[in-house]
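# Architecture at a glance
The primary structure of each chain is shown beneath.
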Amino acid sequence: MRERLRRCALAGLVACLGVTAASAAEAATPAAWTPPAGLAQVALWPNGAPDAAQAAAPSESVTAVSAPGGHGYLAVANVSVPTLTIVPPKGVATDAAIIVFPGGGFSILAIDIEGTEICDWVTSRGITCVLVKYRVPGGNHYWNKDCNCHITPPVPFALQDAQRAIRLVRSRAGGLGVNPAKIGVIGFSAGGYLVAQTSNQLAPRYRAVDAVDQVSSRPDFAIALYPGHLCRAGGTLDPGLTVTAEAPPTFLLQAWDDPVDKICNSTVYARALDEAGVPAEVHLFASGGHAFGVRPSAQPVSAWPALVEQWLKGLKVL
């Protein structure tokens, strides 16, 4: 099975998933993001993303953003063709998969520090990693600099892509060597909001396009690191998010000094999960800031991968 996974990743990923590859035009665009060598992007939607704007969208671009403390990252902007990149496990393969939602405020995607680098850690633990390049900007609740206000778009493109990604992976679990009951999600910052949404909004937010959309989009476990967009005015939970007992076991982690997303994003969601009877493990660190990914530092928060692994062992995922 492991050899089959390697063949899928290196040569036949598109055939294994039963979907079409991203267009040749997109792949040929020099500024568009491309995955590490040996991996391929797969289009999420067979005939283009739903509810797409009719006007020509700006071309996808990648920019290196510098940040203090070794937190620089690659920012992918203007994603109009959402994709998956599946990275096979290394060493002894498990039958679990983790789908990764990078952050970026629903304006850009921090594709390396909260994407490919996360997959490096995930696959090193024998877990299949699925990196989602979802639509930005404006694909979900976001801060608009022009009006100096938050905007919730009428159509949540990013959520549509996230739901479709889970369904697509589950529908092709056999070909990927994955147990369809061991498919989880991990998200960072804005991606953490997608984790909460996909955990609780189980009805599709788009019209079904094929048989894949008959498959459940509920993750079997959920991990949100320094999530945002959950805590609204007065320290209350996003009124558009109804937390139910169907939500999966959830792991939450945030730093008290996070300058971007306050800890109330984790605490209000944890309280809602508790009230719904859903088990949650919550870690709040005194310091650590925001957007630290898996990069090492002197901060205790850098130990979070080990905490997640122990939690996954307790869930019998590992």
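Residues numbered from 1 in each chain as written. Predicted model: local features only at pLDDT ≥ 70, side-chain atom pairs only at ≥ 80, totals over all residues. Heavy atoms only, no water.

## What to know about the overall build of the protein chain
Check the secondary structure of the protein chain and you find eight helices and 15 strands. For the protein chain, the share of sequence-separated contacts (at least 6 apart) that also reach a separation of at least 24 residues comes to 78%. Taken as a whole, the protein chain presents about 13000 Å² of accessible surface, with 57% of it coming from carbon and sulfur. (Helix = DSSP H or I, 4+ residues; strand = E, 2+ residues; numbered from the N terminus. Contact = heavy atoms within 4.5 Å. Areas by Shrake-Rupley, 256 points an atom, 1.4 Å probe, with all protein chains shown as cover.)

## Overview of the packing of helix H4 (residues 157-171) against helix H6 (residues 190-200)
Remark: H4 packs on H6, axes separated minimally by 10 Å, with the N-to-C direction vectors making an angle of 65 degrees. The hand of the H4/H6 crossing is right-handed. Mapping the contact onto sequence places Ala158, Leu159, Ala162, Gln163 and Ile166 in H4 and Leu194, Gln197 and Thr198 in H6. Looking at the contact of H4 with H6, its residues break down into five nonpolar, three polar and no charged. (Axes fitted to C-alpha atoms, helices over the stretch in contact; angles between N-to-C directions. Left-handed = near helix turned anticlockwise from the far one by under 90°. Nonpolar A, V, L, I, M, F, W, Y, C, P; charged D, E, K, R; others polar.)

## So, the pairing of strand S3 (residues 73-77)
Across a regular strand the side chains alternate sides, sitting on one face of the sheet and then on the other. Sheet topology note: the strand S2 (residues 61-65)/S3 ladder contains five bridges and is antiparallel. Paired with Val62 across the bridge in S3 is Val76. Pairing analysis gives three bridges linking S3 to strand S6 (residues 108-110), with the strands arranged antiparallel. Bridging from a neighbouring strand, Val76 pairs with Leu109 of S6. (Pairing = 2+ DSSP bridges.)

## Brief notes about a nonpolar patch on the surface
Judged by side-chain polarity, Trp256, Val282 and Leu284 come together as a nonpolar surface patch covering roughly 290 Å² of accessible area. If you trace the backbone, Leu284 turns up in strand S15 (residues 280-285). Assessed through its relative accessible area of 33%, Leu284 is described here as partly exposed. (Patch = residues over 30% accessible without salt bridge, like charges linked within 9 Å, V, L, I, M, F, W, Y side chains within 5 Å. Salt bridge = Lys/Arg side-chain N within 4 Å of Asp/Glu carboxyl O. Buried < 20%, exposed > 50% of the residue type's maximum accessible area, 1.4 Å probe, protein only.)

## Some details on the packing of aromatic side chains
Going through the model one piece at a time under the given rule, you end up with nine aromatic pairs. On the numbers, 6.1 Å between centres and 55 degrees between planes, the contact of Phe106 with Tyr134 is tilted. Placement of Phe106 in the loop between strand S5 (97-101) and S6 and of Tyr134 in the loop between strand S7 (128-133) and strand S8 (142-144) is noted, with a sequence separation of 28 residues between them. Here Phe106 and Tyr134 have matching classes, each one buried. Seen from their ring centres, Phe221 and Trp311 are 6.5 Å apart, and the 75 degrees between their planes marks the pair as edge-to-face. Of the two residues, Phe221 sits in strand S11 (residues 221-225) while Trp311 sits in helix H8 (residues 304-314), which places them 90 residues apart along the sequence. The pair Phe221 / Trp311 is uniform in exposure class, with both members buried. (Phe/Tyr/Trp six-rings, centres within 6.5 Å; stacked < 30°, edge-to-face > 60°.)

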